[in-house]
Amino acid sequence: MRADTSTSPIPVTPTGLSRRAERFIEVNGIPVPQQSVRHHRDAWIGHGVPAAEIDRATDFQERWGGLALPPAPFYEGGPRILGADCPEGSAAEGWSFPAGTCLVSMAYGFMIGPEGAFGLDAHRWTPLHASTDGWVELADHAGRCAKTVTKITGEAVQSLELREYEPIPEVLGVTDTWWRGKDSLIALYRGEAVGLEAPQCLEAHVYGGLDAWGLHGG
């Protein structure tokens, strides 16, 4: 008899997320069957991967593995399906592991860094958010709620006035940050500009005309 490998169409939302992030996953997330990475443990240890790093990858897989999400507003290539793979690195440089497969071929991949940050494996490691929770926090929430969306690119991003805005702590921003104003949100996407050393890739999205749910998600 063949084992049942079916997956519930309703995703299991990771604990500890904001209501806004929970809602995003409940509505947009699609669970995809994936195997645990536990069965790779002996092989990975045999290749010199520390047990603690395998445990980190396993924990990530059990929390996020197999969750397919819509493309992000800026990083449209993915990761489309979150999932861990073999850690890579060294004691001197730190260890990272892939965060999932990309939707299209890209000049970089998405990784979980030595301290747990979610970021880009580009020309150099570039943490976008302090954890994967930050990556899904606003996802497409702002775009769905906004009456207007304005995209600003290149040098014009540097002149954005943020004095009347406050950082949004739930986003856990590192290289990328989100800011909240009276009736608008601003997303600063610096990841490609930093990771690829390409200032022309700097971009900001201004989401205007937001109500209380759009601004605060609760």
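Residues numbered from 1 in each chain as written. Predicted model: local features only at pLDDT ≥ 70, side-chain atom pairs only at ≥ 80, totals over all residues. Heavy atoms only, no water.

Visitor: Just to check I follow, could you spell out the overall build of the chain for this structure?
Guide: Counting secondary structure elements, the chain contains seven helices and 14 strands. Taken over the C-alpha trace, the chain has a radius of gyration of 18 Å; the compact-globule value for 218 residues is 17 Å, and the two agree within 12%. Along the first, second and third principal axes, the C-alpha atoms of the chain reach 55 × 40 × 30 Å. Considering only residue pairs separated by 6 or more positions, the chain has 55% of its internal contacts joining residues 24 or more positions apart. (Helix = DSSP H or I, 4+ residues; strand = E, 2+ residues; numbered from the N terminus. Rg over C-alpha atoms; globule rule 2.2 N^0.38 Å. Contact = heavy atoms within 4.5 Å.)

Visitor: Can you help me understand the packing of aromatic side chains in this one?
Guide: Given two aromatic rings, one states the distance between the centres and the angle between the planes to describe the pair. Summed over all chains, the structure comprises twelve aromatic pairs. Centre to centre, the rings of phenylalanine 60 and phenylalanine 97 are 5.6 Å apart; their planes meet at 65°, and the pair counts as edge-to-face. Here phenylalanine 60 is found in helix H3 (residues 51-64), whereas its partner phenylalanine 97 is found in strand E5 (residues 94-98), with 37 residues between them in sequence. With a centroid separation of 5.8 Å and 80° between ring planes, the pair formed by tyrosine 108 and phenylalanine 110 is classed as edge-to-face. Accessibility assignment for this pair places tyrosine 108 and phenylalanine 110 in one class, buried. The structure contains a cluster of three or more aromatic residues connected by ring pairs, namely Phe74, Tyr75, Tyr108, Phe110, Phe118, Trp135, Trp178, Tyr189 and Tyr207. (Phe/Tyr/Trp six-rings, centres within 6.5 Å; stacked < 30°, edge-to-face > 60°. Buried < 20%, exposed > 50% of the residue type's maximum accessible area, 1.4 Å probe, protein only.)

Visitor: Would you mind going over the pattern of salt bridges with me for this structure?
Guide: Side chains carrying opposite charge are able to pair once their charged atoms draw close together. Following the criterion strictly, the structure yields eleven salt bridges and no others. Of the charged contacts in the structure, one is a salt bridge between arginine 19 and glutamate 26, with a shortest N-O distance of 3.4 Å. Classification of arginine 19 as partly exposed rests on a relative accessible area of 42%. (Salt bridge = Lys/Arg side-chain N within 4 Å of Asp/Glu carboxyl O.)

Visitor: Hey, could you run me through unusual backbone geometry in this one?
Guide: The bulk of non-glycine residues show a negative phi, and the bulk of peptide bonds are trans. Its identity as a non-glycine residue notwithstanding, alanine 139 has a phi of 30°, on the positive side. Among the structural elements, alanine 139 can be located in the loop between helix H4 (132-137) and helix H5 (141-145). Its identity as a non-glycine residue notwithstanding, glutamate 197 has a phi of 50°, on the positive side. Structurally, glutamate 197 is set in the loop between helix H6 (191-195) and strand E14 (203-208).

Visitor: Can you walk me through the nonpolar core in this structure?
Guide: Nonpolar side chains tend to gather and get buried jointly when the protein is soluble and globular. Formed by 38 residues in total, the largest nonpolar core has its most connected members in Tyr75, Trp178, Leu185 and Tyr207. When near neighbours in sequence (up to four residues on either side) are disregarded, tyrosine 75 contacts Tyr108, Phe110, Leu120, Leu128, Trp135, Asp176, Tyr189, Arg190, Gly191 and Glu192. One finds Trp179, Ala193, Leu202 and Ala204 within the second-largest nonpolar core, a separate group that totals ten residues. (Core = buried A, V, L, I, M, F, W, Y, C linked by side-chain atoms within 4.5 Å.)

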